[in-house]
Amino acid sequence: MSEGIILGIVVFTLATFLGFELIQRVPPTLHTPLMSGSNAISGITIVGALIVAGGDFGWISQYIGFGAVVLAMINVVGGYSVTDRMLQMFRKDPEAP
Amino acid sequence: MPAGLAPLIYLVSAALFIMGIKRLQSPDTARNGNMMSALGMLIAIVVTLLDQQIVSFPVIIAGMVVGGGLGFWMARSVKMTSMPQMVALLNGFGGGASLLVAGAEFLKVGMPNVVPLAAETNVTIQLGTFIGSITLTGSFIAFLKLQELMTGKPVTFPLQKTFNALVFLAIVTLGVYQVLVPGNQVEIYYAMVGLSLLLGVLLVIPIGGADMPVVIALLNSYSGLAAAMTGFVIDNQVLIVAGSLVGSSGLILTNIMCKAMNRSLANVLFAAFGADTPGGSGKSAEGLTVNEVSVEDAALRLAYARLVIVVPGYGLAVAQAQHVVRELADLIQKNGGEVKYAIHPVAGRMPGHMNVLLAESNVPYDQLVEMDDINPQFPRADVALVIGANDVVNPAAHNDPSSPIYGMPILDVENAQSTIVMKRSMNPGFAGIQNELFYHQKTSMLFGDAKASLSALVGEIKSL
């Protein structure tokens, strides 16, 4: 196996452990924003989508690339903005301006 | 940009994602955390545009405008009650994007300046394609079920599991063949994609509407895995980090939901729970009587209670009654009483859904108390006000081994001094199980539409 793949597996494993530690501490009251927010993070596929769409691969860039950028952008923009919309509602004293 | 700098900047993005999630540990810092995470994403996008070999921008700009516009519109217009559908769709789009990226990497081989795939890259492409595909169609079915565009009942057919297993085997065979036999067989790849898309549908249709919280959490995890796989395909660490964070997040939530329903993940996924509606909890409701209470009496009891614990269920959200509940709580507090909300992990249609709905109605978040913290407080409560909740307060979970929900952790409403249950009728709940709490001597039933009843209670207490 190439070094790239090995390094990838190392990063994947460590990040998964880190994820477990981090997310276990998120209180149940924020689980819905956690899901939509983490959803936005999985929109990181946008990086791959941009590389495809911005490349010189004929129909693959034009059609598949376009589709990938659209889907990933929905994920990113939709995910972050809906999460923000929810989180701004969580207040200790909702009467305060 | 100097060569070699990009990976370091991607690392900044990854760090911002991690810090962002860390800030989700308190509602006070959560919003700020989400912004940090978004900043990380922005940085990743900008670096990609500057560093990678981007030769043409029109497609990118068009895609970003269309996708960004759609995403923004969805996020602004979605109702909080429809959040599960929204998250299901977003999961699906994430999976779809990963599928397309993996597909593009596979299909572009053979074009000028593209080197043949290394075997291990091919493996990651096959995996990314598979996970992306089932996430895409599985999420879409979950969306249709939640949006009630298709039946919420489990869809089953004879030899379903055998058929699914065969489809899965076929996918594995095609994937392995693709990797082992030199050269890219495009037809086989398309067949693999088709079967994977089909499997996503097949896996979700037998799961009942009541189990959708688990399914969404699991698909959330898949969408993360799909992103991580894409990271392997294009050899980019930030995708692997972000994807595995999301993957573990989804898994934890899946696990929490399963525990809250006292079911194993395998049971949720394969048992078609609720397909054959159980008539009762073993005990028949025949011959039992319920105590009905008038709005006037209920109002009196609430007005003079020292502690009222509100137990909201999804019926509350369906009736759009969250705001009236808040009004009622305000009145009780004005009379010197204390109000808390007991939130069962599966109170809504996704993890934490009920909290969002109540927060939208301006309920302060410190009044939202999770199950383990509120249960010891029920004996102290003068009134437990159950609104549109059913299975999560069913004592059969404690004392009826024949009940399908036996062993499920519930809110111990039966320990309260008295209970008022607001319900439209005596029909059993989402899971179709009878509830003996309704026949308890300490329980009074207030029949009618939750919103109308609550408004009547508010009016009555005001006039006291």
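Reading the values: the criteria
Residues numbered from 1 in each chain as written. Chains lettered and ligands numbered in written order. Predicted model: local features only at pLDDT ≥ 70, side-chain atom pairs only at ≥ 80, totals over all residues. Helix = DSSP H or I, 4+ residues; strand = E, 2+ residues; numbered from the N terminus. Expected span 1.5 Å × (residues − 1). Buried ≥ 20, exposed ≤ 12 C-beta atoms within 10 Å, placed from the backbone. Contact = placed C-beta atoms within 7 Å. Nonpolar A, V, L, I, M, F, W, Y, C, P; charged D, E, K, R; others polar. Domains from an automatic or database assignment. Pairing = 2+ DSSP bridges. Core = buried A, V, L, I, M, F, W, Y, C linked by C-beta atoms within 7 Å. Axes fitted to C-alpha atoms, helices over the stretch in contact; angles between N-to-C directions. Parallel < 35°, antiparallel > 145°, perpendicular 65-115°, else oblique. Left-handed = near helix turned anticlockwise from the far one by under 90°.

Asks: What am I meant to see in helix α9 (residues 237-260) of chain B here?
Replies: Given 3.6 residues per helical turn, the α-helix brings residues three or four places apart onto the same face. All names here are of chain B. Over its 24 residues, α9 runs 35 Å from end to end, which matches the ideal 34 Å to within 8%, given 1.5 Å per residue. Burial within α9 is extensive, with 22 of its 24 residues counted as buried. Within two residues after α9, Asn262 carries a phi angle of roughly 55 degrees, on the positive side.

Asks: Just to check I follow, could you spell out the interface of chain B and chain A for this structure?
Replies: Many descriptions give the size of an interface as the accessible area lost when the pieces come together. Taken together, the contacts link 97 residues of chain B with 82 residues of chain A. Residue assignment for the side of chain B that touches chain A shows that the elements contributing at least two residues are α1 (5-22), α2 (27-51), α3 (58-77), α4 (83-107), α8 (212-233), α9, α14 (353-360) and β3 (368-370) of chain B. Within the side of chain B that touches chain A, the residues separate by chemical class into 57 nonpolar, 32 polar and eight charged.

Asks: Would you explain the domain arrangement of chain B in this entry?
Replies: All names here are of chain B. Domains assigned within chain B are domain 1 (1-77), domain 2 (82-270) and domain 3 (295-462). Taking only C-alpha atoms into account, the centre of domain 2 sits 38 Å from that of domain 3. Among the secondary structure elements, those contributing two or more residues to the side of domain 2 that touches domain 3 are α4, α8 and α9. Taken together, the residues of the side of domain 2 that touches domain 3 sort by class into 14 nonpolar, one polar and no charged.

Asks: Hey, could you run me through the pairing of strand β4 (residues 383-387) of chain B in this one?
Replies: Within a regular beta strand, the side chains point alternately toward one face of the sheet and then the other, so they alternate between its two faces. Residue and element names in this part refer to chain B. By the criterion of burial, β4 is predominantly enclosed, with five of the five residues buried. Side chains Val383, Leu385 and Ile387 of β4 all project onto a buried face; the interleaved residues Ala384 and Val386 project onto the opposite face, where all are buried too. Sheet topology note: the β4/strand β5 (residues 419-423) ladder contains four bridges and is parallel. In the sheet register, Leu385 faces β5, and the bridge partner there is Ile420.

Asks: What's the story with unusual backbone geometry in this structure? I'm lost.
Replies: Glycine aside, a negative phi is what most residues show, and trans is what most peptide bonds show. All names here are of chain B. Despite not being glycine, Asn262 shows a phi value in the positive range, around 55 degrees. Here Asn262 lies in the loop between α9 and α10 (265-270). A positive phi is found at Asn362, a non-glycine position, where the angle reads about 65 degrees. Tracing the chain through its elements places Asn362 in the loop between α14 and β3. Exposure remark for Asn362: the 15 C-beta atoms within 10 Å place this residue in the partly exposed category.

Asks: I'm lost on the nonpolar core in this one. Help?
Replies: The nonpolar side chains of soluble globular proteins are, as a tendency, buried together. Grouped together as the largest cluster of nonpolar side chains are 189 residues, with contacts concentrated most on A:Ala68, A:Val69, B:Ala242, B:Val311 and B:Ile387. The element that contributes the greatest number of residues to this core is helix α4 (residues 59-87) of chain A, accounting for 16 residues. Not counting residues up to four positions away in its chain, the partners in contact with A:Val69 are A:Ile46, A:Ala49, A:Leu50, A:Ala53, B:Ile60, B:Gly63, B:Met64 and B:Gly67.

Asks: So what exactly am I meant to see when it comes to the packing of helix α3 (residues 46-53) of chain A against α4(A) here?
Replies: When two helices pack together, you describe them by how their axes are tilted relative to each other and by the distance separating the axes. Residue and element names in this part refer to chain A. Where α3 meets α4, the closest approach of the two axes is 8 Å, and the angle between their N-to-C directions is 155 degrees. By the angle between their axes, α3 is roughly antiparallel relative to α4. The hand of the α3/α4 crossing is left-handed. On the side of α3, the interface is formed by Ile46, Ala49, Leu50, Val52 and Ala53, while α4 contributes Ile60, Ser61, Ile64, Gly65, Phe66, Ala68, Val69, Ala72, Met73 and Val76.

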